[in-house]
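Observations on the model geometry
Okay, here's what each chain looks like letter by letter:
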Amino acid sequence: MRPRKWCGLAMVVALTATACSGGGGERGTAADGGPPGRDGFPVKVADCKGVETTFAAPPHKIVTSNAAALEMLLRLGVGDRVIGTGFPPGKGTLPGDLGARAAKVPVLGKAVIPKEKLLGSGADLYIDTFASMGGMGGMGDAPTEEEFAAAGIRHIYLASTACASMAKGPQRDLSGVEGDLTRLGAVTGTAQRARELVAGMRAKVAAVRTALADVPEGKRPGYFFFDFDAGTKQPMALCGKQVANAVLTQAGARNVFADCGGDFKPVSWEDVVAKNPDWIQLGIRDRGDAAANAQAYDQAAQFLRTFPATKGLAAVRDGRFLRIGSERTTLPGTRTADTVEEIAHTLYPARFKAAR
């Protein structure tokens, strides 16, 4: 197996089963470099630049920067430790009882959590999803590491998104997301649950990979992720370093903008037309209501059908649209594996017909 370029940004120094390991064991390393102690502690992690943070015990008061990190903690079974979040999930965004549990988490900011509120939250851990993404959501005046330390808050990141723009190459598999889950499991003392979640993801993706094993790269359909909520005046391309590129790749699609730099990049409609994608995903953010979601998907499709630059595209004329939400495509979580399944089953229905 070829070494994964993502390894240069893997956040775990303490664990071997991360994006860099290719899925080996999940042995921890103590802060002094020796074997881990009881329950896997101490655990050492590093940020996108290699700065290390050591956990001698699990945190008990956690703040998450957005719904992606919150969902991971809920799935790990430590939602009762979350004392606040920014960018809360909208009503209906999370499936099943996850939504009900998420609704109980105090909202410290409807978007980015204000600096003073975050530092005064009483948290002992802040999980940051978009650390190095500049103005993601209007980052505003973010605390410095010195200010986090003074407030007694340790600060760690979801590498698959926060470090993505700094990666040396594209994300082509879900090892970055798996690494995020593994790290959070280690830090929160729920490593076994993290292993179960990662195993479930791998099983789903492996089934897709097996079904598409004989489809050569050059025969895979071109795919454009249309971020409708980013605006229609100038489309936002989903580039190779974004986690969604891994989702599309594993699903047997060929991201038509995989070669653009960074994770997202503004392009022109002329660029989209020149790529002539075979399929277009209508990416919308969950409105919290099935009818509202359907209306948003209809609006996105109608725009493409009536906009002069796109109405002549074969994918538009033939209605080759996928209605899959932005959150479960562009943000890390166990549902990225579900999105791989859904895209693959849509693009290659005959190959999965027997499994239905």
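The present account deals with the structure reproduced in this document.

Parameters and conventions
- Residues numbered from 1 in each chain as written.
- Predicted model: local features only at pLDDT ≥ 70, side-chain atom pairs only at ≥ 80, totals over all residues.
- Heavy atoms only, no water.
- Helix = DSSP H or I, 4+ residues; strand = E, 2+ residues; numbered from the N terminus.
- Buried < 20%, exposed > 50% of the residue type's maximum accessible area, 1.4 Å probe, protein only.
- Contact = heavy atoms within 4.5 Å.
- Areas by Shrake-Rupley, 256 points an atom, 1.4 Å probe, with all protein chains shown as cover.
- Core = buried A, V, L, I, M, F, W, Y, C linked by side-chain atoms within 4.5 Å.
- Polar contact = N/O pair within 3.5 Å; in protein donor to acceptor, adjacent residues only side chain to side chain.
- Pairing = 2+ DSSP bridges.
- Axes fitted to C-alpha atoms, helices over the stretch in contact; angles between N-to-C directions.
- Disulfide = S-S within 2.5 Å.
- Salt bridge = Lys/Arg side-chain N within 4 Å of Asp/Glu carboxyl O.
- Expected span 1.5 Å × (residues − 1).
- Phe/Tyr/Trp six-rings, centres within 6.5 Å; stacked < 30°, edge-to-face > 60°.

A look at the overall build of the protein
Broken down by element type, the protein carries 14 helices and 13 strands. Counting all 356 residues of the protein, 51% fall into the buried class. Restricting to contacts in the protein with at least 6 residues of sequence separation, those with at least 24 account for 68%. For the protein, the exposed surface amounts to about 15,500 Å²; the carbon and sulfur share of it is 52%.

As for unusual backbone geometry
Here the residue pair Phe 41 and Pro 42 is connected by a cis peptide bond, since its omega of 0 degrees sits within 30 degrees of zero. Note that Pro 42 resides in the segment before strand 1 (43-46). Of note, the phi angle at Phe 87 is positive, near 40 degrees, even though the residue is not glycine. By the secondary structure assignment, Phe 87 is in the loop between strand 4 (82-86) and helix 2 (96-103). Although it is not a glycine, Asn 276 adopts a positive phi angle of roughly 45 degrees. For Asn 276, a relative accessible area of 42% corresponds to the partly exposed category.

Quick notes on the nonpolar core
Grouped together as the largest cluster of nonpolar side chains are 52 residues, with contacts concentrated most on Ile 127 and Ile 343. Every element with two or more residues in this core is listed here: strand 1, helix 1 (67-76), helix 2, strand 6 (125-128), helix 6 (175-188), helix 7 (191-211), helix 8 (243-250) and helix 13 (335-347). Excluding anything up to four places from it in sequence, Ile 127 contacts Ile 62, Val 63, Thr 64, Ser 65, Ala 69, Leu 73, Ile 156, Leu 158 and Leu 184. One finds Phe 224, Phe 228, Cys 239 and Ala 300 within the second-largest nonpolar core, a separate group that totals 24 residues.

Some remarks on the side chain of Ser 175
Its place among the elements puts Ser 175 in helix 6. For Ser 175, a relative accessible area of 4% corresponds to the buried category. Separated by 2.6 Å, the side chains of Ser 175 and Asp 173 make a polar contact.

Some thoughts on the sheet that holds strand 13 (residues 321-322)
The four strands lie next to each other as 10-8-12-13, forming an open sheet whose pairing is parallel. A single partner strand is all that each edge strand has here, and the edge strands are strand 10 (254-255) and strand 13. As paired strands, strand 12 (residues 279-283) and strand 13 are joined by two bridges and run parallel to one another. Paired with Ile 280 across the strands is Phe 321, a residue of strand 13. Against the sheet, helix 10 (residues 290-306) touches strand 8 (222-227), strand 12 and strand 13, its axis set at about 135 degrees to strand 12.

Re the sheet that holds strand 4
Taken together, the five strands give an open sheet; going across it, the order is 5-4-3-6-7, and neighbouring strands pair in parallel fashion. The sheet is open, and its two borders are formed by strand 5 (107-109) and strand 7 (154-157), each paired with just one other strand. Going across the sheet, the axis of each strand differs from the next one's by a mean of 25 degrees, ignoring polarity. On the sheet, helix 6 packs against strand 3 (62-64), strand 6 and strand 7 and is oriented at approximately 155 degrees with respect to strand 7.

Topic: the state of the cysteines
A full pass over the atoms with the stated rule returns two disulfides. Cysteine pairing for the protein (bonded cysteines numbered in sequence order): 1-2, 3-4.

Here we look at the pattern of salt bridges
Counted by the stated rule, this structure contains 17 salt bridges. In this structure, the salt-bridge partner of Asp 229 is Arg 287, at a minimum N-O distance of 2.8 Å. Pair noted here: Asp 229 is in the loop between strand 8 and strand 9 (236-238) and Arg 287 is in the loop between strand 12 and helix 10, with a separation of 58 residues, a long-range link. On the basis of relative accessible area, Asp 229 is assigned to the partly exposed category, the value being 28%.

Some words on helix 13
Helix length check: helix 13 (13 residues) gives 18 Å between terminal C-alpha atoms against 18 Å at 1.5 Å per residue, within 8%. Within helix 13, the full set of buried residues consists of Arg 335, Thr 336, Ala 337, Thr 339, Val 340, Ile 343, Ala 344 and Leu 347.

Quick look at the packing of aromatic side chains
All told, the structure shown has nine aromatic pairs when counted by the stated rule. Measuring from ring centre to ring centre gives 5.7 Å for Tyr 126 and Phe 148, while their planes differ by 20 degrees; the resulting arrangement is stacked. One end of the pair, Tyr 126, is in strand 6; the other, Phe 148, is in helix 4 (residues 145-150), with 22 residues separating them in the sequence. Residue Phe 148 is classed as buried on the basis of its relative accessible area, which comes to 2%. An angle of 65 degrees between the planes, with centres 5.9 Å apart, marks the rings of Phe 224 and Phe 257 as edge-to-face. Of this pair, Phe 224 sits in strand 8 while Phe 257 sits in the loop between strand 10 and strand 11 (264-266), and the two are 33 residues apart along the sequence.

From the geometry alone we can't say anything about function, so treat these as descriptive.
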